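Structural characterization, general
Here are the chains, one letter per residue:
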Amino acid sequence: MRRVWLFAGIAGWLVLAGNCAADEASSAGDAPLEAPRSAVQIGSKAFTESVVLGEILTHLARDAGAAVRHRRQLGGTQILWRALTTGEIDAYPEYSGTITAEIFAGRDLAGEDEIRAALAEHGVVMSRPLGFNNTYALGLPERLAGSLALRTISDLRRHPELKFGFSNEFLERGDGWPGLKRHYGLPQDSVRGLDHDLAYRALASGDIHLTDLYSTDAEIRYYGLRVLRDDLAYFPQYDAVLLYRRDLEHRAPRVVDALRQLEGRLTEETMIALNARAKLDRLPEARVAADYLRDEFGVDVTVHEQSLAERVGRRTAEHLFLVGVSLAAAIVLAIPLGVLSARAPRAGQAILGVTGILQTIPSLVLFVLVIPWLGLGAKPAIFALFVYSLLPIVRNTASGLADIPLPIHESARALGLSAAARLRLIELPLAARSILAGIKTAAVINVGTATLGGFIGAGGYGEPIFTGIRKDSPALLLEGAIPAALLALAVQGLFELAERRLVPRGLRLKVGQPD
């Protein structure tokens, strides 16, 4: 069993070393899992416009001489706001309507002065508007809207049969569906929640009839949608702004000056065009941002676009880091818990019950729940994967020890061996096959679950998967999914070899199999 412990320790340190090597080799446009705290951290939400704006801010900050990291597509408003106030990021693009209705919901802030005062309480500064209003809207296919004579949101009252599908954030926002339904007295009770980018495909296929839009979405024209007029003026103004930490003015004043060059420079038409290049033409956001800055500001930005092999290599190192460290930590805790479960059945029921309950927590929920304590990036992902690794290892360890025949226990006691010696010399070696099977199960599960780390900036194969969903790109989806599947097969094969190496041949023989 010392070999098992050594194997776990070496695996954890090897993936850590691999991640460090990937960090050194990563390009300026593809940042590693962790960056020095002295670097300026730019954040963006999980939709194309926010990522494009984040890349523009990143290029401007780098042109001002700063070391910069762009933490892309980090989820929704609350995740970005929490990251900003805790110092996980230094700046990110936001919208005035979101600030008043979501971040400071219930405070009835009116005007920029009140918004700035509320932000100052948290050490945050707001720029002047960047130049465009990206308001919420409701839209549906032009042909359907024409056949039903729908022009305003109020017209929806006449058609309770319509199927609505809204982005998950819009379903819960203070300025989203609940308030909209009350404000207009809409009769529709059953609505579906889905990803904003997937909603356009659902509209095109007829799975839903209407969804929420951002007014600068390039897909509105592409899919031929009619935007319903907000005739009762429900949605507030959503002027794009920049939020940044006040201490950035002292740490990097040149960066702040560079970022604020965007104030008043981005028109709605320009933003739609940038979104179209990134979303419809499927160009990298870094390239779209660089071209805009060259044409509009005369800033010459060099964008290093990694090859497929470079991208897969970097993400493999990141993915192995997440899986290896979490698995090694789980082994250290779960095997002793499994031993305790086998020796104390009542305690074992409690241990298996708790680890079983933890296993049922939805993965994405656990990833997000620990962000307030562990921040963004690799740490919350590793913690969540560690939690999901416990049950199979604890259960298999306890089961392997419980299945040891009673005569073997009695023989060991007759030899006068202590409990610790019996465990070390007899019981754990006999249960080694079951224990390794539990570790193998946990490892394969972790390889798949670790892809969700892309939602919170942890890197790995989840990054291209989430980007592929956002950009409707099968190539990007496969760029993450195929390596993840191959890695799961490789991990399973590695543990098969480890079993042959670590489990004595006699214990691997099946009934009826010749020596």
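Refer to the preceding data block for the structure.
Everything quoted here is computed from the prediction, not taken from an experiment.

**Thoughts on the packing of helix H20 (residues 406-414) against helix H21 (residues 419-449)**
- The N-to-C vectors of H20 and H21 enclose an angle of 165 degrees; their axes lie 11 Å apart at closest approach. The angle between the axes of H20 and H21 places the two elements in the roughly antiparallel class. Two packed elements cross with a definite hand, and for H20 against H21 that hand is right-handed. Contact residues: Ile-408, His-409, Ala-412 and Arg-413 in H20; Arg-422, Ile-426, Glu-427 and Leu-430 in H21.

**Here we look at the nonpolar core**
- Counting residues in each nonpolar core, the largest one holds 66 residues, and the members touching the most others are Trp-81, Ile-99, Leu-119, Leu-243, Leu-322 and Ile-393.
- Examining the composition of this core, we find that twelve residues originate from one element, helix H19 (residues 378-402), more than from any other.
- In contact with Leu-119, not counting residues within four places along its chain, are Trp-81, Ile-99, Phe-104, Val-124, Met-126 and Leu-243.
- Formed by 63 residues, the second largest nonpolar core is a distinct cluster that contains Leu-162, Leu-186, Leu-259 and Val-288.

**Section: empty space enclosed by the protein**
- Tallying each qualifying case throughout the model produces two cavities of 30 Å³ or more.
- The computed volume of the largest cavity comes to approximately 120 Å³.
- Around the largest cavity sit Lys-45, Phe-47, Thr-77, Tyr-95, Thr-98, Asn-134, Tyr-136, Glu-169, Arg-173, Tyr-214 and Tyr-238, which together line it.
- Split into classes, the residues belonging to the lining of the largest cavity amount to five nonpolar, three polar and three charged.
- As a volume, the second largest cavity reaches approximately 90 Å³.
- Residue lining of the second largest cavity: Phe-47, Thr-48, Glu-49, His-196, Asp-197, Tyr-200, Tyr-214, Asp-217, Ala-218, Glu-219, Asn-275 and Lys-279, and that is the complete set.

**A word on the packing of aromatic side chains**
- If you walk through the whole model with that rule in mind, you get 18 aromatic pairs.
- Ring centres of Tyr-136 and Phe-170 lie 4.9 Å apart, and the angle between their planes is 55 degrees; this geometry places the pair in the tilted category. Taken together, the residues span a long stretch of sequence, with Tyr-136 in strand E5 (residues 136-141) and Phe-170 in helix H7 (residues 168-172) at a distance of 34 residues.
- Accessibility expressed as a relative area gives 5% for Tyr-136, which makes it buried.
- Here a set of aromatic residues connected by ring pairs shows up, and it is made of Phe-47, Tyr-95, Tyr-136, Phe-164, Phe-166, Phe-170, Trp-177, Tyr-214, Tyr-234, Phe-235 and Tyr-238.
- Stacked on the ring of Phe-297, the Lys or Arg Arg-265 has its end atom at 4.2 Å from the ring centre.

**Brief notes about unusual backbone geometry**
- Its identity as a non-glycine residue notwithstanding, Gln-73 has a phi of 40 degrees, on the positive side.
- Of note, Gln-73 is situated in the loop between strand E2 (68-71) and helix H3 (77-86).
- Owing to a relative accessible area of 5%, Gln-73 belongs among the buried residues under this scheme.
- Its identity is not glycine, yet Ala-233 carries a phi of approximately 50 degrees, on the positive side.
- In this structure, Ala-233 sits in the loop between strand E9 (225-228) and strand E10 (240-245).
- Given a relative accessible area of 60%, Ala-233 falls into the exposed group.

**Remarks on the packing of helix H16 (residues 345-360) against H19**
- The N-to-C vectors of H16 and H19 enclose an angle of 140 degrees; their axes lie 8 Å apart at closest approach. By the angle between their directions, the pair H16 and H19 is classed as oblique. Handedness of the crossing formed by H16 with H19: left-handed. For the pair formed by H16 and H19, the contact residues are Ile-351, Leu-352, Thr-355, Gly-356, Leu-358 and Gln-359 on the first element and Val-387, Tyr-388, Leu-390, Leu-391, Pro-392, Val-394 and Arg-395 on the second.
- Looking at the contact of H16 with H19 residue by residue, the class counts come to nine nonpolar, three polar and one charged.

**Let's talk about a nonpolar patch on the surface**
- A contiguous nonpolar patch, built from Leu-478, Ile-482, Leu-486 and Leu-489 and spanning about 410 Å² of accessible area, is present on the exposed surface.
- Relative to the helices and strands, Ile-482 is located in helix H23 (residues 474-502).

**Description of the environment of Asn-134**
- Note on placement: Asn-134 falls in the loop between strand E4 (124-126) and E5.
- Once the C-alpha coordinates of Asn-134 and Tyr-95 are considered, the two residues, 39 residues apart in sequence, prove to be 7.7 Å apart.
- The contacts of Asn-134, once residues within four sequence positions are left out, are Glu-49, Tyr-95, Tyr-214, Ser-215, Thr-216 and Tyr-238.
- Within the structure, Asn-134 has its side chain in polar contact with the side chain of Glu-49 (distance 2.7 Å).
- Among the polar contacts listed, one links the side chain of Asn-134 to the side chain of Thr-216, at a separation of 3.1 Å.

**Things to note about the side chain of Arg-315**
- Mapped onto the secondary structure, Arg-315 falls in helix H15 (residues 308-343).
- For Arg-315, a relative accessible area of 6% translates into the label buried.
- One polar contact links Arg-315 to Glu-479, side chain to side chain, over a distance of 2.4 Å.
- Leaving out residues up to four positions away in the same chain, Arg-315 has contacts with Gly-460, Tyr-461, Glu-463, Pro-464 and Glu-479.

**Let's talk about the pattern of salt bridges**
- Within this structure, the stated rule accounts for 32 salt bridges.
- Put simply, Glu-296 and Arg-265 hold a salt bridge, and the shortest N to O gap is 3.6 Å. Of the two residues, Glu-296 is situated in helix H14 (residues 285-297) and Arg-265 in the loop between helix H12 (253-259) and helix H13 (268-279); the sequence distance between them amounts to 31 residues.
- By relative accessible area, Arg-265 is classed as partly exposed at 33%.
- One network of salt bridges, in which partners are shared, links Arg-311, Arg-314, Arg-315, Glu-318, Glu-463 and Glu-479.

**Quick word on the pairing of strand E3 (residues 91-95)**
- The buried fraction of E3 amounts to five of the five residues, a majority that puts the element mostly inside the structure.
- Every second residue of E3 is oriented toward a common face, with Ala-91, Pro-93 and Tyr-95 on one face and Tyr-92 and Glu-94 on the other, all of them buried.
- Where E3 lies against E10, five bridges are found, and the strand directions are antiparallel. For Glu-94, the partnering residue across the bridge sits in E10 and is Val-241.

Reading the values: rules and limits
Residues numbered from 1 in each chain as written. Predicted model: local features only at pLDDT ≥ 70, side-chain atom pairs only at ≥ 80, totals over all residues. Heavy atoms only, no water. Axes fitted to C-alpha atoms, helices over the stretch in contact; angles between N-to-C directions. Helix = DSSP H or I, 4+ residues; strand = E, 2+ residues; numbered from the N terminus. Parallel < 35°, antiparallel > 145°, perpendicular 65-115°, else oblique. Left-handed = near helix turned anticlockwise from the far one by under 90°. Contact = heavy atoms within 4.5 Å. Core = buried A, V, L, I, M, F, W, Y, C linked by side-chain atoms within 4.5 Å. Buried < 20%, exposed > 50% of the residue type's maximum accessible area, 1.4 Å probe, protein only. 1 Å grid on protein atoms, 1.4 Å probe; cavity = no way out; pocket = protein on both sides within 12 Å on 5 of 7 lines; lining within 4 Å. Points joined across faces, edges and corners; volume = space filled by probe spheres on them. Nonpolar A, V, L, I, M, F, W, Y, C, P; charged D, E, K, R; others polar. Phe/Tyr/Trp six-rings, centres within 6.5 Å; stacked < 30°, edge-to-face > 60°. Lys NZ or Arg CZ within 6 Å of the ring centre and 35° of its normal. Patch = residues over 30% accessible without salt bridge, like charges linked within 9 Å, V, L, I, M, F, W, Y side chains within 5 Å. Areas by Shrake-Rupley, 256 points an atom, 1.4 Å probe, with all protein chains shown as cover. Salt bridge = Lys/Arg side-chain N within 4 Å of Asp/Glu carboxyl O. Polar contact = N/O pair within 3.5 Å; in protein donor to acceptor, adjacent residues only side chain to side chain. Pairing = 2+ DSSP bridges.

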